[in-house]
Amino acid sequence: MTDTTSNQMWGGRFAAGPDAIMEAINASIRFDQRMAAQDIASSRAHAAMLAATGVITGSDAQAIREGLLTVLSEIEAGTFQFSTALEDIHMNVEARLKEIIGEPAGRLHTGRSRNDQVATDFKLWVRDQLDAADASLVALIRALLVQAGAGTDWVMPGFTHLQTAQPVTWGHHMMAYVEMFGRDLSRVREARARMNESPLGAAALAGTSFPIDRDMTAALLGFDRPAANSMDAVADRDFALEFLSTASICAMHLSRFAEELVIWSSAQFQFVTLSDRFSTGSSIMPQKKNPDAAELIRAKVGRIFGALTGLMMVMKGLPLTYSKDMQEDKEQVFDTADSWMLAMAAMESMVKDMTVNRDNLAAAAGSGFSTATDLADWLVRVLGMPFREAHRITGVLVAMAETKMCDLCDLTLGDMQSIHAGITDDVFSVLTVENSVSSRMSYGGTAPARVRAQIARWKERIAWRTSHHLYLPCWGLPHAVWMANRSGPDLTAVWRSGQAG
């Protein structure tokens with residue numbers, strides 16, 4: 001049986017429609033319909049440019065514009081009928097456009113290919129996700145800054161190997177995650193800037209003989225510039241890989257924090273209490289309050305890492321330019337975006353809602369001989385002892401305290417002088433956790449004064465970067481300021497005239 005709709009889209013090359021199995025493996029409409037808004041936005045920009053350059057008439061461009069808006073409204077209303085026979089979102093939209101406006105729809109594809117069309121749509125979609133990630137990271141950082149500000153002088157144990165190491169402050173610990181997510185924010189913004197070149201107009205791979213204006217479509221869609229090489233423009237999926245890489249690193253940070261929340265909320269630690277909104281109970285054990293949201297954030301990392309590895313494997317062996325393998329790029333990126341955005345939102349909410357058990361933090365801060373390093377430092381600073389010798393003597397005193405089943409500060413002066421006669425009463429001034437954290441005044445240290453300074457720095461940084469880094473979604477057109485010294489049509493006038501929408 002001949003599939004006339006499919007044949008019509010493909011032209012005269014094929015006499016028969018595709019086999020059902022071929023249709024199933026070839027079609028991407030099941031997932032790429034998520035790019036409908038981006039596809040319509042890029043088509044509106046392309047039509048406006050074709051009219052401005054005289055490739056199509058203004059009346060055809062107006063019909064295309066109005067028809068595309070109708071298609072968009074149908075998709076948004078859920079009444080649009082997607083067809084697997086039409087393969088993807090691009091052909092589905094174009095076929096429906098033809099049903100609505102007739103012959104002018106056939107002029108829309110002039111000077112472009114599905115290769116540059118899908119690359120453009122996908123870039124627009126990924127760019128929107130990076131903007132969403134930017135906003136989510138800013139919100140998470142702000143929530144952490146609130147926690148840090150509340151606990152600048154709350155003492156708690158700092159760990160290495162999950163063993164008590166030295167006392168730190170709660171604020172300092174929260175600020176460590178601010179730095180991590182701050183780097184993630186930088187990666188998001190750098191990735192966005194790097195990928196913001198328009199593939200539209202590269203056509204199949206070699207450009208086009210039509211007198212198109214790629215600067216115009218790039219500006220209308222909010223890109224900084226058109227991609228410089230038509231072959232690279234359609235073959236490139238670095239932007240998707242960088243999105244997945246950025247998401248993977250951030251997800252790893254989210255997972256590390258989630259692991260700490262799981263540990264801290266346990267009965268053995270009781271450092272924090274997670275709200276009921278982000279906990280669940282047990283079907284058999286009524287006392288249980290499980291940190292399921294944190295555990296699920298921790299688990300999301302596997303699928304995000306897997307998506308990055310999967311797309312790397314797809315791209316690693318492809319010759320230039322486009323191969324159908326590249327259709328496998330989207331599902332992994334879509335799934336990662338869903339998982340990443342959900343994980344960031346859940347973490348922000350948990351940080352806002354959790355209750356910090358300050359007394360438990362303080363009780364744990366002095367355990368495990370956490371001020372041993374302060375004792376060694378005192379021996380160096382006051383007695384002029386080489387650090388390695390001070391380290392040895394401190395170790396002997398720790399062993400003594402273990403034998404006596406007490407902490408270092410509970411040893412008598414006589415106990416200490418039995419190991420080294422030069423030790424004086426002044427040593428006890430450094431053996432409290434409060435004095436320990438207050439003394440860590442080196443830049444980046446845990447002293448409350450240093451933590452407060454870092455909080456102030458980040459509050460200023462977030463406020464400035466948010467107010468000076470403005471994004472608009474792809475359909476918030478016109479978006480870019482047209483270069484004043486450039487010859488060509490006034491883009492704002494083009495959009496206001498209704499040729500593009």
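Structure shown above.
Residues numbered from 1 in each chain as written. Predicted model: local features only at pLDDT ≥ 70, side-chain atom pairs only at ≥ 80, totals over all residues. Heavy atoms only, no water.

A. Region of the structure containing the overall build of the protein chain. When its secondary structure is counted, the protein chain shows 20 helices and six strands. Per-residue burial for the protein chain yields a buried fraction of 50% across its 501 residues. Sequence separation of at least 24 residues holds for 75% of the intrachain contacts in the protein chain that already meet a minimum separation of 6. Of the roughly 22800 Å² of accessible surface on the protein chain, a fraction of 55% belongs to carbon and sulfur atoms. (Helix = DSSP H or I, 4+ residues; strand = E, 2+ residues; numbered from the N terminus. Buried < 20%, exposed > 50% of the residue type's maximum accessible area, 1.4 Å probe, protein only. Contact = heavy atoms within 4.5 Å. Areas by Shrake-Rupley, 256 points an atom, 1.4 Å probe, with all protein chains shown as cover.)

B. Examining the environment of G306 more closely. Residue position: G306 is located in helix 12 (residues 292–315). For G306, a relative accessible area of 37% corresponds to the partly exposed category. Residues G306 and Q332, 26 residues apart in the sequence, show an inter-C-alpha distance of 8.5 Å.

C. Looking closely at the nonpolar core. Judged by nonpolar contacts, the single largest core of 109 residues is most densely connected at W170, F181, L254, F257, W264, W340 and M347. If sequence neighbours within four positions are ignored, W264 has contacts with M156, W170, H173, M174, F257, F269, Q270, F271 and V272. Ranked by size, the runner-up nonpolar core spans 21 residues in total, among them L375, L408, L411 and M416. (Core = buried A, V, L, I, M, F, W, Y, C linked by side-chain atoms within 4.5 Å.)

D. How the structure looks around the pairing of strand 1 (residues 155–160). Of the pairings in the sheet, the one linking strand 1 to strand 2 (residues 163–169) comprises six bridges and is antiparallel in character. Bridging across to strand 2, P157 finds its partner in P167. If you look at the hairpin formed by strand 1 and strand 2, you'll find two residues sitting between the two strands, and H161 has a positive phi there, around 60°. (Pairing = 2+ DSSP bridges.)

E. Molecular detail of a nonpolar patch on the surface. On the surface, L205, M231 and L320 cluster together to form a nonpolar patch covering roughly 270 Å² of accessible area. With respect to the secondary-structure elements, M231 resides in helix 10 (residues 230–235). Under the relative-accessibility criterion, M231 is labelled partly exposed at 35%. (Patch = residues over 30% accessible without salt bridge, like charges linked within 9 Å, V, L, I, M, F, W, Y side chains within 5 Å. Salt bridge = Lys/Arg side-chain N within 4 Å of Asp/Glu carboxyl O.)

F. Geometry of the pattern of salt bridges. Summed over all chains, the structure comprises 25 salt bridges. R457 is the partner of E179 in a salt bridge, and the nearest nitrogen-oxygen pair spans 2.7 Å. Taken together, the positions of E179 in helix 8 (residues 170–195) and R457 in helix 19 (residues 448–467) put the pair 278 residues apart, joining distant regions of the chain. According to the relative accessible area criterion, R457 is partly exposed, its value standing at 32%. Two residues, R237 and D329, come together in a salt bridge whose shortest N-O distance is 2.7 Å. Linking R237 in the loop between helix 10 and helix 11 (238–264) with D329 in the loop between helix 12 and helix 13 (330–353), this pair joins segments that are 92 residues apart in sequence. When sorted by exposure, R237 lands in the same class as D329, which is buried.

G. Seen up close, unusual backbone geometry. Omega for the bond connecting L320 with T321 falls within 30 degrees of zero, at 10°, which places this linkage in the cis form. Residue position: T321 is located in the loop between helix 12 and helix 13. Positive phi, close to 70°, is recorded for E87, a residue that is not glycine. Within the element layout of this structure, E87 appears in the loop between helix 5 (58–77) and helix 6 (89–101).

H. View of the packing of aromatic side chains. Under the definition given, this model contains ten aromatic pairs. On the basis of an interplanar angle of 85° and a centroid distance of 6.3 Å, the ring pair of F122 and F334 is categorised as edge-to-face. Note that F122 is positioned in helix 7 (residues 114–150) and F334 in helix 13, a separation of 212 residues in sequence. Comparing F122 with F334 shows no difference in burial state: the two are buried. The residue whose ring lies beneath R127 is F223, and the NZ or CZ to ring-centre distance is 4.9 Å. The aromatic ring of F122 is capped on one face by K330, whose charged end is 5.3 Å from the ring centroid. (Phe/Tyr/Trp six-rings, centres within 6.5 Å; stacked < 30°, edge-to-face > 60°. Lys NZ or Arg CZ within 6 Å of the ring centre and 35° of its normal.)

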